[in-house]
Amino acid sequence: MNKKTCPLISIITISLNSDNYLEQTIQSIISQTYPNIEYIIIDGGSADSTIDIINGNTAHITKWISEPDKGISDAMNKGIAMASGDYILFIHSDDYLYSDHSIQEALDSIDGSAPVYCFDVLFQSEAHEQIHSPSPADFFTNLKLGACHQGIICKRDLFQELGYFDINFNICMDYDFFLRVYRKYGRGMIKIIHQTLSVMRDTGISSRTDWKSLKKRFKEERKAHKNNCRYWFLFYPLYWSIYLSYRFIKSKLGI
């Protein structure tokens, strides 16, 4: 395959003290058969052996930095600013690509008709594995993001058009951003492709199911609603009063 005829995809990994899983993340990306990948690592100033792992793979990493940041959103924004690809994909240091052909198969399926492409993600925990399939952009996008960021490939120009991630978010920055996209493009914002792109471990902050962690995530989801949803004060207070009670009971029952 001629590299010049293939769209450039920028894959961005955010890391901080990630020596448990980072090597697998890196290997899953640098072993891809797709010929036109720009790989960027943004490290938040790790104090463990993360930097040693990065240094051991610099021949295959396009750009990387290690410096303090203002949180995950800030680190992701640094990656976007350094990226030059036609498309952007975030595969953070807890996660990895599903197979060596994942990017090739994904780019073969992208036709340029939408700004965002959502793929299946394999959710992995010690207890089980389960495929998470994305939901279409519709009314329910106003309530929840129906996709995992590890399965989202979007046009880089989208960030130039609608702005970067809001650094006031630590968990739901992707939902806040894609609500902006939904306001701009409506139902046409997403094209869903049912093939597995990546594997998501249950170690990330957005995967935690204890009530304390859930409350933090729900607080940010409410902030995203307030920032982006018209007339939020008419509908969302009722929604959140019901939904929080439901999730509290669910968490206490271990469901």
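Scroll up a little and you will see the structure.
Report follows, based on the coordinates. (Residues numbered from 1 in each chain as written. Predicted model: local features only at pLDDT ≥ 70, side-chain atom pairs only at ≥ 80, totals over all residues. Heavy atoms only, no water.)

## Things to note about the pairing of strand β3 (residues 63–66)
Pairing geometry for strand β2 (residues 37–43) and β3, over four bridges, is parallel. The partner of aspartate 43 across the bridge, within β3, is serine 66. (Pairing = 2+ DSSP bridges. Helix = DSSP H or I, 4+ residues; strand = E, 2+ residues; numbered from the N terminus.)

## A closer look at unusual backbone geometry
A positive phi angle, near 50 degrees, is found at asparagine 17, a position not held by glycine. What makes asparagine 17 partly exposed here is its relative accessible area of 41%. (Buried < 20%, exposed > 50% of the residue type's maximum accessible area, 1.4 Å probe, protein only.)

## Brief notes about the layout of surface pockets
Looking at the second largest pocket, its volume works out to about 180 Å³. Taken together, Ile29, Ile30, Gln32, Tyr34, Pro35, Asn36, Ile37, Tyr39, Ala59, His60, Ile61 and Thr62 make up the lining of the second largest pocket. Those elements that place two or more of their residues in the lining of the second largest pocket are α1 (22–30) and β2. Its residues assigned to classes, the lining of the second largest pocket shows eight nonpolar, four polar and no charged. (1 Å grid on protein atoms, 1.4 Å probe; cavity = no way out; pocket = protein on both sides within 12 Å on 5 of 7 lines; lining within 4 Å. Points joined across faces, edges and corners; volume = space filled by probe spheres on them. Nonpolar A, V, L, I, M, F, W, Y, C, P; charged D, E, K, R; others polar.)

## Some remarks on empty space enclosed by the protein
Under the defined criterion, the tally for this structure stands at one cavity of 30 Å³ or more. Of the pockets and cavities examined, the largest cavity occupies roughly 80 Å³. Looking at the lining of the largest cavity, the elements that each hand over two or more residues are β4 (87–90), β8 (152–155) and α6 (173–185). Among the elements that make up the lining of the largest cavity, the one with the highest residue count is β4 (three residues). Along the lines of polarity and charge, the residues of the lining of the largest cavity split into nine nonpolar, one polar and one charged.

## A closer look at the side chain of histidine 225
Checked against the element boundaries, histidine 225 lands in helix α7 (residues 211–228). Look at histidine 225 and you get buried, because its relative accessible area is 1%. Excluding its chain neighbours within four sequence positions, the residues that come into contact with histidine 225 are Asn142, Leu143, Tyr175, Leu179, Trp232, Tyr236, Tyr239 and Trp240. (Contact = heavy atoms within 4.5 Å.)

## A closer look at the packing of aromatic side chains
Any pair of aromatic rings gets described here by the distance separating the centres and the angle formed by the planes. This structure, assessed with the given rule, holds 19 aromatic pairs. Plain terms: the ring middles of phenylalanine 159 and phenylalanine 177 are 4.6 Å apart, the flat faces sit at 15 degrees to each other, and that makes the pair stacked. Taken together, the positions of phenylalanine 159 in helix α5 (residues 157–162) and phenylalanine 177 in helix α6 put the pair 18 residues apart, joining distant regions of the chain. Judged by its relative accessible area of 2%, phenylalanine 159 is buried. For phenylalanine 177, a relative accessible area of 0% translates into the label buried. Look at tyrosine 243 and tyrosine 246: their rings are 6.1 Å apart centre to centre, the planes differ by 45 degrees, and that puts the pair in the tilted class. (Phe/Tyr/Trp six-rings, centres within 6.5 Å; stacked < 30°, edge-to-face > 60°.)

## Concerning the pairing of strand β7 (residues 129–132)
Bridge count between strand β6 (residues 116–124) and β7: four bridges; the pairing is antiparallel. In the sheet register, leucine 122 faces β7, and the bridge partner there is isoleucine 131. Between β6 and β7, which pair antiparallel one after the other, the connecting turn spans four residues.

## Some thoughts on the pattern of salt bridges
Summed over all chains, the structure comprises seven salt bridges. Lysine 191 is the salt-bridge partner of aspartate 111, the closest N and O atoms lying 2.5 Å from each other. Of the two residues, aspartate 111 sits in the loop between α4 (102–109) and β6 while lysine 191 sits in strand β9 (residues 190–201), which places them 80 residues apart along the sequence. With a shortest N-O distance of 2.6 Å, glutamate 221 and lysine 144 are connected by a salt bridge. On the criterion of sequence distance, the pair formed by glutamate 221 in helix α7 and lysine 144 in the loop between β7 and β8 is long-range, its members being 77 residues apart. Judged by its relative accessible area of 23%, lysine 144 falls in the partly exposed class. In the salt-bridge network here, residues are joined through shared partners; they are Lys144, Arg217 and Glu221. (Salt bridge = Lys/Arg side-chain N within 4 Å of Asp/Glu carboxyl O.)

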